Amino acid sequence: MELQELQTLWSQMSRELADQKKLTNDIIMKMTQEKYVNKFGKIAVYETIGAVICFAAALYVLFNFGKLEVWYLQLCGIFTLLFLIILPILTLRSLRRIKEINVVENSFVDTIVQFTKAKNQLLLLQRVGIYLSFLLMFTTLPVASKLLKNKDLFLETDIWYVYLPIMGIFLFFFTRWGYGCYKNITSSAESILSELE
Amino acid sequence: MSKEEAFTQLIKEHQGLIYKVSSLYTEQQQDQNDLYQEIVYQLWKSYDSFRGEAKMSTWMYRVALNTAIGQLKKKKRAPNTVSIDQGVVHIMDEIDADLDERIKALNAQIQQLSILDRGLILLLLEGKKYEEIAEIAGLSLTNVATRISRIKQKLKSKMTKN
């Protein structure tokens, strides 16, 4: 297909499209109502539900923090609290940055740059979240055990023989998968940004 | 004429523009439907704020292209939209099979370009002057000219290979 042919075909398509009568007033007005869930709207809903669960768990730990009498349990409790509060806030902020990109005022290039950077930041957060969640798995169990059953897991060695290997295997595959996804997406994002510079 | 009537009239007049942007920035039909609806939704949302400082088509191209960037994705996923009488996706159903095939081949060629280049070639094929392309893209005139020249070379070499 020559360039000239491309232009001709494009014009032919444009004429065909102009003649189409399928789009009715009713269909157009239905589209103006946000009845469908757009991509980021959907992610934002999941992330908000996740954040609410995290905050509820953080509140529970916070109000019962006094039950964590020993220093190592308190350390686990503090890490759990920080994870449950900070990470969801950062993720929601990052999603808001994407949602706030002004598609009306921005130029096309500005949108590409802002979107790519915001998406990159969100992915970085998700990656950090994946790694930190393994630490969380390690710290949550003793905290939960102490708060819910009043048992100090660090004094009960048996459970660690089961818990640690299972956690290790899960961690190995999960991080490999997470890192692979992140690397692919960010490298494509980097090439987009470098092309625009 | 009410606001709704004016808007639906506008969309009908420019339905081809929205269709072309959504088909160049998506691969699956369902994604195209999602993007088409999102563009119409964004146009409606910003319809009041359109003050006529820019040309109507410049405003529409800008919103459509900017919205397309937010919908870029890598892989297949489950449908997100509600069914709107299938009217959007099948807007081009009634054309002959040969033309349909050639349009698909044309889209496939353009989809191999980067996201910025896709937008620039779309505007060029739409018959936009470099000044208007520069305004929509947010690039200088020289930059637009250089990039378009490169895109033409890229497309030509791809076409020669095929």
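Throughout, a residue's number is its position along its own chain's written sequence, starting from 1. Chains carry letters from A onward and ligands carry numbers from 1 onward, assigned in written order. Local features in this predicted model are restricted to residues whose pLDDT is 70 or higher, and side-chain atom pairs enter the listing and the counts only when it is 80 or higher, whereas totals over whole chains, interfaces and linings include all residues. In computing side-chain values, all of the structure's heavy atoms are included and hydrogens and water are not.

### Points about the overall build of chain B
And then number 1: Along its length, chain B carries eight helices and zero strands.
And then number 2: Taken from N to C terminus, the helices and strands of chain B fall in the order α-α-α-α-α-α-α-α.
And then number 3: Only protein chains enter the accessibility calculation, which uses a 1.4 Å probe; a residue whose area is less than 20% of its type maximum is buried, one above 50% is exposed, and one in between is partly exposed. Considering chain B as a whole, with its 162 residues, one finds that 56% of them fall into the buried category.
And then number 4: If you take every contact in chain B between residues at least 6 apart in sequence, the share linking residues at least 24 apart comes to 68%.
And then number 5: For the accessible areas, the method is Shrake-Rupley and the probe is 1.4 Å, while residue cover comes only from the protein chains on display. Carbon and sulfur atoms make up 47% of the accessible area of chain B, which totals about 7400 Å². Helix numbers and strand numbers start at the N terminus; a helix is a DSSP run of H or I with at least 4 residues, a strand a run of E with at least 2. Here a residue-residue contact requires only that any non-hydrogen atoms of the pair lie within 4.5 Å.

### A word on the pattern of salt bridges
And then number 1: The term salt bridge refers to a pairing of a side-chain nitrogen on Lys or Arg with a carboxyl oxygen on Asp or Glu at a separation within 4 Å. All told, the structure shown has seven salt bridges over all chains when counted by the stated rule.
And then number 2: A salt bridge links R96 of chain A to E100 of chain A; the nearest nitrogen and oxygen atoms lie 3.5 Å apart. In this structure, R96 of chain A and E100 of chain A share a single accessibility class: exposed.
And then number 3: Ionic contacts of the salt-bridge type, sharing partners, join the residues K55, K128 and E132 of chain B into one network.

### Details of the packing of helix α2 (residues 25–32) of chain A against helix α1 (residues 3–13) of chain B
Packed helix pairs are specified by the crossing angle of their axes together with the interaxial distance, meaning the distance between the axes.
And then number 1: Axis definition: a line fitted to C-alpha atoms, limited for helices to the stretch in contact. Angles are taken between N-to-C directions and run from 0 to 180 degrees. Running from N to C, α2 of chain A and α1 of chain B cross one another at 105 degrees; their axes reach a closest spacing of 10 Å. Viewed along their axes, α2 of chain A and α1 of chain B adopt a mutual orientation that is roughly perpendicular. Note on element contacts: α1 of chain B touches α2 of chain A through E4, F7, T8, I11 and K12 of chain B, opposite N25, I28, M29 and T32 of chain A.
And then number 2: When residues are sorted by character, Ala, Val, Leu, Ile, Met, Phe, Trp, Tyr, Cys and Pro go into the nonpolar class, Asp, Glu, Lys and Arg into the charged class, and all the rest, Gly among them, into the polar class. Residues of the contact of α2 of chain A with α1 of chain B, tallied by class, amount to four nonpolar, three polar and two charged. Oblique is the label for any angle not under 35 degrees, not over 145, and not in the 65 to 115 range, which are roughly parallel, roughly antiparallel and roughly perpendicular in turn.

### Some details on the environment of V104 of chain A
And then number 1: Take V104 of chain A: it is sitting in the loop between α4 (71–99) and α5 (108–149).
And then number 2: For V104 of chain A, a relative accessible area of 17% puts it in the buried group.
And then number 3: Residue contacts for V104 of chain A: discarding those within four places in its chain leaves S46, S49, W59, R62 and V63 of chain B.

### A short note on unusual backbone geometry
And then number 1: Even without being a glycine, N150 of chain A presents a positive backbone phi close to 60 degrees.
And then number 2: Its location among the elements puts N150 of chain A in the loop between α5 and α6 (158–196).

### Re the nonpolar core
And then number 1: What is meant by a nonpolar core is a set of buried Ala, Val, Leu, Ile, Met, Phe, Trp, Tyr and Cys residues, joined one to another through side-chain atoms within 4.5 Å. One finds F7, I11, Y25, L43 and W59 of chain B to be the most contacted residues of the largest nonpolar core, which totals 69 residues.
And then number 2: Domain extents, as shown, originate in an automatic or database domain assignment. Viewed by domain, this core spans two of them, domain 1 (1–93) and domain 2 (95–162) of chain B, each represented by three or more residues.

### Details of helix α5 (residues 97–111) of chain B
Residue and element names in this part refer to chain B.
And then number 1: Taking 1.5 Å of rise per residue, 15 residues should cover 21 Å, and α5 covers 21 Å from first to last C-alpha, within 8% of that figure.
And then number 2: For α5, the full list of buried residues reads L99, I103, L106, N107, Q109 and I110. Taken down its axis, α5 places every buried residue within 155 degrees of arc, on the same side. Here, expected helix span is obtained from the residue count minus one, scaled by 1.5 Å. Along the arc lie the directions from the helix axis toward the C-beta atoms.

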